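As a plain string of letters, each chain reads:
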Amino acid sequence: MGDVLAGFHAAWEFGSDSVLIRYERGIRTPKLFQALGERRVPLEAIEGVTLAPGKRGTVVLRIELRPGADPLMEAASGQLKESSDPYRLVLPAERETLAEYYADELRAQLTESGPAERHLVAAPEAPLQFKAYDGKAAFDGTAVSFRWFWTGASSAKWKAGDQRFPVGELSGVEWRSPEVFEGHLRLLRRDAGAAAGQPDQDPAAVVFGLGYGPVHESLPFAAAVLAAVRNCAPVSAMSTARVRRDPADIAERIRHLGELHQAGLVTDEEFSSKKAELLAEL
């Protein structure tokens, strides 16, 4: 079609093979939209289009994606608030006829339905990072790393030490919105056995909290990791090689470990063993 339909917070450009959604930048635009910037949605990723009355004299045009077509929505798993749905275009009610025209035109171009065999919408690009309550999470495109905060991380995580997970060792990502109880991001490992337990005790998870791990930071992060996992072959021996750490970082971790030891949270044996592990990383 090649036309543009502008609504509140976003504009949709209809192409011959995709819909390009560009999100506005502004104080009233949801932060998730601002973080995404834009989304190009191939027509093969769409299985339906709806038009329905909205709130306060508006109508809502919405794209319905095929299950598994978008890593962002797969990671969200139905937890996004309606106002943060990136595939809703809210328009004034007087533009309903125009919206209905575009909905009909778009429906006429759709040929696919049912679960997608692969991601069809691009994931947010790495590198990405965010602060959780108990640590800092970073993703460089090949591996996820967690660096624990002294003020928030449990003794179990401090004993385990900072973590690094090549995407080839992962089978998926579990994201629970920070806007609900027990929000967290957990990495699902291929070699994991039984249930990993509570996120605050699991070295493969970071927990959210008030002001930590906001949706606009942690969800794109989860989507990018999920997409990388889907595209990655099993990890090779080279990718699991030990990465040398910054000596200053090792010294800081040993100092914190000593404080845990003095506080009685780490035994003499655990302290000696973990200290040796950290020194071996130099």
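Structure: see above.
Described below are features of the structure shown in this document.

## Section: the pattern of salt bridges
Pairing between side chains of opposite charge can happen when the charged atoms of each approach one another. Per the stated rule, a full pass over the model turns up twelve salt bridges. As a salt-bridge pair, Arg22 and Glu38 come within 3.7 Å of each other at their nearest N and O atoms. Here Arg22, found in strand S3 (residues 18-23), pairs with Glu38, found in strand S4 (residues 38-42); they are 16 residues apart in sequence, far enough to count as distant. Using a relative accessible area of 41% as the deciding quantity, one classes Arg22 as partly exposed.

## Focus on the environment of Ser272
Residue position: Ser272 is located in helix H7 (residues 268-280). Judged by its relative accessible area of 46%, Ser272 falls in the partly exposed class. When the C-alpha atoms of Ser272 and Pro127 are compared, they prove to be 35 Å apart, with 145 residues separating the residues in sequence.

## Overview of the nonpolar core
Counting residues in hydrophobic clusters, the biggest one holds 65 residues, and the most contacted among them are Leu185 and Leu187. No other element matches helix H5 (residues 215-231), which puts ten residues into this core. Filtering out sequence-adjacent residues up to four positions away, Leu185 remains in contact with Phe130, Phe146, Val173, Glu174, Trp175, Ala204, Ala205, Val206, Phe208, Ser218, Phe221 and Ala222. One finds Ile250, Ile254, Leu257 and Phe271 within the second-largest nonpolar core, a separate group that totals five residues.

Cut-offs and rules
- Along each chain, residues carry numbers from 1 onward, in the same order as the chain's sequence is written.
- Per-residue local features are limited, in this predicted model, to residues with pLDDT of at least 70; the limit for side-chain atom pairs, both in listing and counting, is 80 or more; totals at the level of whole chains, interfaces and linings are taken over all residues.
- Side-chain measures were taken over the full set of non-hydrogen atoms in the model, leaving aside hydrogen atoms and water.
- Any Lys or Arg side-chain nitrogen found within 4 Å of a carboxyl oxygen on Asp or Glu counts as a salt bridge.
- Secondary structure elements are taken from DSSP: a helix is a run of H or I of four residues or more, a strand is a run of E of two residues or more, and numbering for both begins at the N terminus.
- Partly exposed describes any residue whose relative accessible area lies between the buried limit of under 20% and the exposed limit of over 50%, with all areas from a 1.4 Å probe on protein chains only and scaled to the type maximum.
- What we call a nonpolar core is a set of buried Ala, Val, Leu, Ile, Met, Phe, Trp, Tyr and Cys residues that are connected through their side-chain atoms within 4.5 Å.
- What makes two residues a contact is simply this: any of their non-hydrogen atoms within 4.5 Å.

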